[in-house]
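What the coordinates show
Residue strings, one per chain:
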Amino acid sequence: MSTPQTPTAAPTPGHALKHLAVHLLTPLLMCLGMALAYQGAFHQPEPHHLKVAVVGAGPQAQGLAQTIQGKAGAALDVRTVADRSAAEQLLRDRDLVGAFVPDARNPELIVAKGNSDTSVVAATAVFTNVTDRQGVPLHVTDLTTPAEGDPTGQGLFFLLVALSIGSYASVAVIGAAGAGLPMRIRALVGVAVSLVVSVIGIATAGPLFHVVDHDYAAVWALGWLYSAGIVLIGTGLHSFLKKWTTLALMVLFVMLNFTSSGGIYRPELQNGFFGALHGFWTGAGYLEGARDILYFDGGAGLGGHVLTLVVWLLLGGAALVAAAAYEGRGRRAVSARAEAAAEAEEEMEEAVAV
């Protein structure tokens, strides 16, 4: 005769609402974080120590530089450069945003838009005011050649977005569907996934949309390094954070990452917090490294940007090692409890038999 089943009591409305509120906490925190990060980083772009130069060695150039600096204050860092070739080299080294060549009839501003189109716009506005007072137009010369599919130079930022989302979204799948796999297997899967993400990135940015029009292999390699760092960090953190992993990765690789990458505004147009992050955050390492490759012949500090990405990759390796040790302790504790329970059951059986 079967025992009648007691129906499970339905949760009370209060309990159901509490359960719903807990689950709504994550998207609401995401909303708050995105609002604070994006509006904090982009809401009021103003020059802060924008580096420009006046070309010329005489007292006239020195006087013009001092006049501009006096009016601009902390918004600009104005210097003089002896001649045009020296100014062009500083622009190629990304040590200047613009170099003004005074001339009574044909004043010229030399720029490198591949460095940052928005920073060039700010520098152009400064020296347009100077030439307007002279009553002559300002001629702008760009030392860099934009890619066919990226006339503003901001297409690389959207490639960064694609690589980032593909990377951190994969972490949730590896952490959930691959939870039963050993950490070393999950790590290998993560490296393989980051390879696929980087290939998708360069295939779409290169032959499809022509945001990248040369040095495909170098830009792809940077993308793989960048993506692997995110995936490995996320996979390691998942062992500790569980359901909070997605929120943590959004903070690290969206809220703080996109805003400090320099893709929309470089540090000279941002507040101090996001400008400081630009110096060592992984998105800035990738984006500025890609700019160095595409627009500055692999110079202008490429080695430092690659080092940034390597450091983040090493942080991912450290997170995996810590996660493996943490999970190992957990498995040993579970195994010890299971063995103790088995021994206790065996002792009870022996006692009953006696």
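Notes on the structure in this doc start here. (Residues numbered from 1 in each chain as written. Predicted model: local features only at pLDDT ≥ 70, side-chain atom pairs only at ≥ 80, totals over all residues. Heavy atoms only, no water.)

Turning our attention to the packing of aromatic side chains. Scanning all chains against the criterion turns up 12 aromatic pairs. When the centroid spacing of 5.4 Å and the interplanar angle of 70° are considered together, the rings of Phe-157 and Phe-158 count as edge-to-face. Between Phe-273 and Phe-274, the aromatic rings sit 5.0 Å apart at their centres with planes inclined by 80°, giving edge-to-face as the arrangement. Following the ring pairs from residue to residue traces out a cluster consisting of Phe-253, Phe-280, Trp-281 and Trp-312. (Phe/Tyr/Trp six-rings, centres within 6.5 Å; stacked < 30°, edge-to-face > 60°.)

On to the packing of helix α6 (residues 183–208) against helix α7 (residues 216–241). Where α6 meets α7, the closest approach of the two axes is 8 Å, and the angle between their N-to-C directions is 145°. For α6 against α7, the interelement crossing comes out right-handed. (Axes fitted to C-alpha atoms, helices over the stretch in contact; angles between N-to-C directions. Helix = DSSP H or I, 4+ residues; strand = E, 2+ residues; numbered from the N terminus. Left-handed = near helix turned anticlockwise from the far one by under 90°.)

Attention shifts here to the environment of Val-130. Tracing the backbone through its elements, the reader meets Val-130 in helix α4 (residues 117–134). In this view, Val-130 contacts Leu-64, Ile-68 and Phe-100; residues no more than four positions away in its chain are not counted. (Contact = heavy atoms within 4.5 Å.)

Further remarks concern the pattern of salt bridges. In this structure the tally under the stated criterion is nine salt bridges. A salt bridge links Glu-88 to Arg-84; the shortest N-O distance between them is 3.0 Å. With Glu-88 and Arg-84 both in helix α3 (residues 84–92), this residue pair falls four residues apart, about one helical turn. Given a relative accessible area of 33%, Arg-84 falls into the partly exposed group. A salt bridge links Glu-108 to Arg-84, with the nearest nitrogen and oxygen atoms 2.6 Å apart. (Salt bridge = Lys/Arg side-chain N within 4 Å of Asp/Glu carboxyl O. Buried < 20%, exposed > 50% of the residue type's maximum accessible area, 1.4 Å probe, protein only.)

Their axes nearest at 10 Å, the elements α7 and helix α11 (residues 282–295) cross at an angle of 175°. Between α7 and α11, the angle is such that the two are roughly antiparallel. In this structure, α7 uses Ala-218, Val-219, Leu-222, Gly-223 and Tyr-226 to contact α11, whose residues at the interface are Thr-282, Gly-283, Tyr-286, Gly-289, Ala-290, Ile-293 and Leu-294. Here the residues of the contact of α7 with α11 are counted per class, giving eight nonpolar, four polar and no charged. (Parallel < 35°, antiparallel > 145°, perpendicular 65-115°, else oblique. Nonpolar A, V, L, I, M, F, W, Y, C, P; charged D, E, K, R; others polar.)

Grouped together as the largest cluster of nonpolar side chains are 65 residues, with contacts concentrated most on Phe-127, Leu-156 and Tyr-286. Here this core takes eight residues from helix α5 (residues 155–177), the largest share from any one element. Among all residues touching Leu-156, those that are not within four sequence positions of it are Asp-150, Val-211, Val-212, Leu-287, Ala-290, Arg-291, Leu-294 and Tyr-295. Core analysis: the second largest hydrophobic core is formed by 10 residues, Ala-53, Val-55, Leu-91 and Ile-110 among them. (Core = buried A, V, L, I, M, F, W, Y, C linked by side-chain atoms within 4.5 Å.)

Moving on, we get to the environment of Asp-292. If you trace the backbone, Asp-292 turns up in helix α11. Looking at Asp-292, the relative accessible area reads 0%, which means it is buried. For the pair formed by Asp-292 and Asp-93, sequence separation is 199 residues and the distance between their alpha carbons is 9.3 Å. Apart from the residues within four sequence positions on either side, Asp-292 is in contact with Arg-94, Asp-297, Gly-298, Gly-299, Ala-300, Gly-301, Leu-302 and His-305. There is a polar contact of 3.3 Å between the side chain of Asp-292 and the backbone nitrogen of Leu-302. (Polar contact = N/O pair within 3.5 Å; in protein donor to acceptor, adjacent residues only side chain to side chain.)

So, about the pairing of strand β5 (residues 139–142). Where strand β4 (residues 108–111) and β5 come together, four bridges link them in parallel fashion. Looking across to β5, one finds that Ile-110 is bridged to Thr-141. (Pairing = 2+ DSSP bridges.)

Further remarks concern a nonpolar patch on the surface. A cluster of nonpolar side chains, contributed by Leu-25, Leu-29, Leu-32, Leu-36, Phe-240, Leu-241, Trp-244 and Tyr-326, occupies part of the molecular surface with about 700 Å² of accessible area. Looking at the nonpolar patch, the elements with two or more residues in it are α1 (13–42) and α7. No other element matches the four residues that α1 contributes to the nonpolar patch. Its location among the elements puts Leu-36 in helix α1. (Patch = residues over 30% accessible without salt bridge, like charges linked within 9 Å, V, L, I, M, F, W, Y side chains within 5 Å. Areas by Shrake-Rupley, 256 points an atom, 1.4 Å probe, with all protein chains shown as cover.)

This part is about α11. Compared with the 20 Å implied by 1.5 Å per residue over 14 residues, the 20 Å span of α11 between its first and last C-alpha is a close match. Buried residues dominate α11, accounting for 14 of its 14 residues. A positive backbone phi angle near 55° is found at Asp-297, which sits one or two residues after α11. (Expected span 1.5 Å × (residues − 1).)

Taken by themselves, the reported measurements are silent on function.
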